[in-house]
Structure formats: C-alpha cells, structure tokens
Amino acid sequence: MAAHSRTYAVVGLTLVAAVTAGCSGSGSGSGSHAGSGGPASGPTTAGGQLQPAPTESNPPGDIPDSQVYVSYRPAGGSFTGFTLKVPEGWARTGQGGTTAFTDKLNTVRITAVSASGAPTVGSVTNTVVPQLRSQVPKFSSPKVSEVTRHAGRVVLLTYQGDSAKDPVTGKVVRDAFERYAFYRVGHEVDLTLSGPVNADNVDPWRIVSDSFGWR
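Throughout what follows, the structure given in this document is the object of discussion.

The subject of this paragraph is unusual backbone geometry. Backbone geometry at K104 places phi at a positive 55°, although glycine is not the residue there. On the secondary structure map, K104 appears in the loop between β4 (98-103) and β5 (106-114). With a phi close to 55°, K138 is a non-glycine residue in the positive phi region. Take K138: it is sitting in the loop between α2 (121-135) and β6 (140-149).

Spelled out as structure tokens, the structure:
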C-alpha cells in the first residue's frame, strides 16, 4: 500500500511540473508575440511618434497640369489686334499698354507698343537688355535668340532677376523670365512670362507663347 502511495505522489508531482512548464512557456510565447506585433502595427500618435509628412504634388511656383486656359483679347489700349491664351482664374491688372495676369509666384505680362521695324537679336541685345539691367534687381544671365512659335519667328530674351519684396513676408524670390517680341506692320507685342527659377513651367509657358496670334 505504501508503494502505491509513493507511485501516486511521483505521478502527481510530474503532472504538476508539466502543467507549470506549459503555462510558463505559453506566457513567454504570448509576451514575445505581443512584443513583435507592436512595431508591425506602425507608428501611432498615442505612442508619440509623428506620421510622415505628405509629399507636395506641386512645389511652389509650379503651375499644375490641370490648369485651364482661356482666350484673352484686349478690348482697349494702343493696339488690340492680337489674341492669346492665359491661365484661367489668375488676377488681372492693367496699366497703360500693359496687362498682367498673376497667380502666387507666376506672371504673364503683355505689352503692346508701336515699332518702326521688327525686333532683331541685335536690337534686343543692344537696347532691351540695358533697359532691363537698370530696372530688374540683380538682373543676370541674358540670352537672346530667334525661336519659332505658331505665329512665326520671334525674338526670345531669357534672363533672371529678383522679384519685388513680398509686403507680408518680406521674402524675395529669384525669378526666371522669358520675353517674346512679336511684330507685325508697325506693332510690337512683348509677352513676358516669369516664375521662380526652380519651377517647372516649360509646358504652361509653351502653351501661352504658342497661342499668340494676330487678328
């Protein structure tokens, strides 16, 4: 009878040890799972971690691809015999023979003047460049060439300069300029497109300059 009692005691101790080990293993496994599962869920604001900032689809100065263009025909001024497309919704201002359309950091400026002859690379280099050098802050990198647009051959002057100081922020932007000189029978229309030097506005400026036409 004593032998049987000792046998039962040994078996009972063995079962208790097995259950204890199983519970200990299960608890350890659960703790490991919870620890590895936490980071996998990603950063949360409750944990004090900041979410990544969204990427800007249009950096400052870039005209969006969705921009719509509308026809502009001057109704008054020294000369009204032309038309072109300008970005829809941009603020319009006018002074004398100049009309400007502006949005944020970009500007489309149109000036009509009387001219006795067609502009050339030489005349723009010798006359216009010195004028702009005295008018545009930190004027630099002038380049004059002839290019083709839908209206025909035109003289293109590209250059850089500082913008006027923002009255609110006090900041000054480095601008890139494209100035197209169109001419027909005693009339010259100067189309100047400007925006920040780092902006990618090649396509919008091509749309505007290609849209110019005489009427």
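Still to come is the rest of the account.
This brings us to α2. Here α2 is 15 residues long and its end C-alpha atoms lie 20 Å apart, about the 21 Å a rise of 1.5 Å per residue gives. Of all the bends in α2, the greatest, near 30°, is centred on V128, and the proline P130 appears no more than four residues after it. The set of residues buried in α2 consists of V124, V128, V129 and L132. Buried residues in α2 make contact with β6, β7 (152-162) and β8 (174-184).

With that settled, the discussion passes to the side chain of S209. Inspection of the secondary structure assignment puts S209 in helix α3 (residues 202-211). From its side chain, S209 meets the backbone oxygen of W205 in a polar contact 2.9 Å long. Of the polar contacts made by the side chain of S209, one reaches the backbone oxygen of R206; its length is 3.4 Å.

Moving on to the pattern of salt bridges. A full pass over the atoms with the stated rule returns seven salt bridges. When the shortest N-O distance is used, the salt bridge between R153 and E146 registers 3.1 Å. Judged by its relative accessible area of 42%, E146 falls in the partly exposed class. For R174, the salt bridge is made with D162, and the minimal N-O distance between the two is 2.9 Å. Of this pair, R174 sits in strand β8 while D162 sits in strand β7, and the two are twelve residues apart along the sequence. Taking the relative accessible area as the measure of exposure, R174 reaches 26% and is therefore partly exposed.

Along the chain, A100 falls in strand β4. Using a relative accessible area of 7% as the deciding quantity, one classes A100 as buried. With ten residues separating them in the primary sequence, A100 and I110 have C-alpha atoms 6.2 Å apart. Not counting residues up to four positions away in its chain, the partners in contact with A100 are A91, R92, T93, T107, V108 and R109.

Spatially, seven strands are ordered β3-β4-β5-β9-β8-β7-β6 in an open sheet, and the strand pairing comes out antiparallel. On the outer flanks of this sheet lie β3 (91-95) and β6, each paired with one strand and no other. Recorded for the sheet is a direction-independent mean angle of 20° between the axes of neighbouring strands. Taken together, the six bridges between β4 and β5 define a ladder with antiparallel strand orientation. From the neighbouring strand, T99 faces β5, where its bridge partner is I110.

Our next topic: the environment of G96. Structurally, the position occupied by G96 is in the loop between β3 and β4. For G96 and T111, which are 15 residues apart along the polypeptide, the C-alpha to C-alpha distance reads 8.8 Å.

Once that is clear, we can look at the nonpolar core. If you look at the biggest cluster of nonpolar residues, it comprises 24 residues, and the most contacted ones within it are F82, L84, V108, I110, Y180, V189 and L191. If you list the elements that add at least two residues to this core, you get β1 (69-72), β2 (82-87), β5, β7, β8, β9 (187-196) and α3. If you look at the next biggest cluster of nonpolar residues, it comprises twelve residues, including V124, V129, L157 and A181.

Here is what the cut-offs are and how they apply
Residues numbered from 1 in each chain as written. Predicted model: local features only at pLDDT ≥ 70, side-chain atom pairs only at ≥ 80, totals over all residues. Heavy atoms only, no water. Helix = DSSP H or I, 4+ residues; strand = E, 2+ residues; numbered from the N terminus. Expected span 1.5 Å × (residues − 1). Bend = angle between axes of the 7 residues up to and from the residue. Buried < 20%, exposed > 50% of the residue type's maximum accessible area, 1.4 Å probe, protein only. Contact = heavy atoms within 4.5 Å. Polar contact = N/O pair within 3.5 Å; in protein donor to acceptor, adjacent residues only side chain to side chain. Salt bridge = Lys/Arg side-chain N within 4 Å of Asp/Glu carboxyl O. Pairing = 2+ DSSP bridges. Axes fitted to C-alpha atoms, helices over the stretch in contact; angles between N-to-C directions. Core = buried A, V, L, I, M, F, W, Y, C linked by side-chain atoms within 4.5 Å.

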